[in-house]
Amino acid sequence: MATKATGIALVISDVDGTLVTDDKQLAASTVAAVKRLRAAGIGFSIASARPPLGLRGLVDALGLDLPMGAFNGASVVRPDLSTIEERLIPEAAARAALERLQAEDLDVWVFAAGAWCLRDPEGPYADLERRTIDAEPRVVADLGSLMGAASKIVGVSRDHAHLADCEARIGTALAGRATVHRSQAYYLDVTPPGLDKGQFVAWMSAHLRIPPERIATFGDAGNDRPMFARSGFSVAMGNAEPGVKAAASAVTDGNGADGFAHGVARFILP
């Protein structure tokens, strides 16, 4: 693994499991690290599985001023959360995803038309999501009615091993029709096809006219690996799965041990 990046002009970071602690808080060291990047003339943005509304609390806290990637890069939004680009899951693929997620006995959430929709507001991890995105869900009787407007569909389970198996099976079944990745051990995200965090890195590279080799990325989950592949330097968190670490240029400490700040200091800042 590499020991130091050179000539970095932009850092793009995942949020959950990377930029925030497990209780969804920004450590003071993280805020300070972003300030140090800016002082060094290095831009900073985020790419997250979260919906746009789940990013708003980070904008002021980190002074974000560049476009951000939501829904694993399928939507690109400004710091005021207005939309630059948005893609939806094709309706046929969305219906197939919903059917397969339900067949696996997973709780299912649908993010559509700016709302977080579900059937059981007391289901697994619903309270965590409330805290994460600072929003209440919309309870709907029929998720199928949302399939023509879905930005992201999530299968949720406390059985992490089962969800990992579902990722492989559903990913194969929907190959070419949707993108399927776990964003956390307990969330399996279905998003539009051909769009992922790697595509967001490429979009930012073109938008800001920064060569990919001058972009560094931070992440912890499988949905961050496409971002690693499209950037010149990548840093996996200490809490990342082995496969994610193996895909990165370097590994820092965990998200509960100031890992982002340590990674910036060790690998990015000149």
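Residues numbered from 1 in each chain as written. Predicted model: local features only at pLDDT ≥ 70, side-chain atom pairs only at ≥ 80, totals over all residues. Heavy atoms only, no water.

**Looking at the sheet that holds strand β9 (residues 150-156)**
Ordered in space as β8-β7-β6-β9-β11-β10, the 6 strands form an open sheet in which the pairing is mixed. Whereas interior strands pair on both sides, the edge strands pair on one side only; in this sheet they are β8 (138-139) and β10 (179-184). As defined by bridge partners, strand β6 (residues 107-112) adjoins strand β7 (residues 115-118) across 4 bridges and the pair is classed as antiparallel. Residue pairing for β7: V110 is matched across the bridge by C117. (Pairing = 2+ DSSP bridges. Helix = DSSP H or I, 4+ residues; strand = E, 2+ residues; numbered from the N terminus.)

**Section: the sheet that holds strand β3 (residues 68-70)**
Read across the open sheet, the 3 strands follow the order β3-β4-β5; overall the sheet is antiparallel. The sheet is open, and its two edges are formed by β3 and β5 (83-86), each paired on a single side. Pairwise comparison of adjacent strand axes, ignoring direction, gives a mean angle of 20 degrees for this sheet. Note: strand β4 (residues 75-77) against β5, 3 bridges, orientation antiparallel. Across the sheet, residue S75 finds its bridge partner in β5, namely E86. (Axes fitted to C-alpha atoms, helices over the stretch in contact; angles between N-to-C directions.)

**Examining helix α5 (residues 160-173)**
Compared with an ideal rise of 1.5 Å per residue, which puts 14 residues at 20 Å, α5 spans 20 Å between its outermost C-alpha atoms and is within 8% of the ideal. Here α5 has its buried residues at L163, C166, E167 and I170. Along the axis of α5, the buried positions cluster into a sector of 110 degrees, meaning they face one direction only. Set apart from the buried face of α5 by more than 90 degrees, the exposed residues are A161 and T172. On its buried face, α5 is in contact with α3 (91-103), β9, β10 and β11 (187-191). (Expected span 1.5 Å × (residues − 1). Buried < 20%, exposed > 50% of the residue type's maximum accessible area, 1.4 Å probe, protein only. Arc of directions from axis to C-beta. Contact = heavy atoms within 4.5 Å.)

**Brief notes about the environment of G73**
Within the secondary structure, G73 sits in the loop between β3 and β4. Residue G73 is classed as buried on the basis of its relative accessible area, which comes to 8%. Between the C-alpha atoms of G73 and A49, which are 24 residues apart in sequence, the distance is 7.6 Å. Contact partners of G73, with chain neighbours within four places excluded, come to S48, D196 and F200.

**Regarding the pairing of strand β1 (residues 10-13)**
Because side chains alternate across β1, one face comprises the buried residues L10 and I12, and the other comprises V11 and S13, equally buried. Pairing geometry for β1 and strand β2 (residues 43-46), over 4 bridges, is parallel. Note on β2: the bridge partner recorded for I12 is S45. Handedness of the crossover is the feature at issue here: the chain leaves β1, passes through helix α1 (residues 28-39), returns alongside β2, and the resulting connection is right-handed. (Right-handed = clockwise from strand over helix to strand, strands pointing away.)

All quantities given are derived from atomic positions and should not be read as evidence of function.
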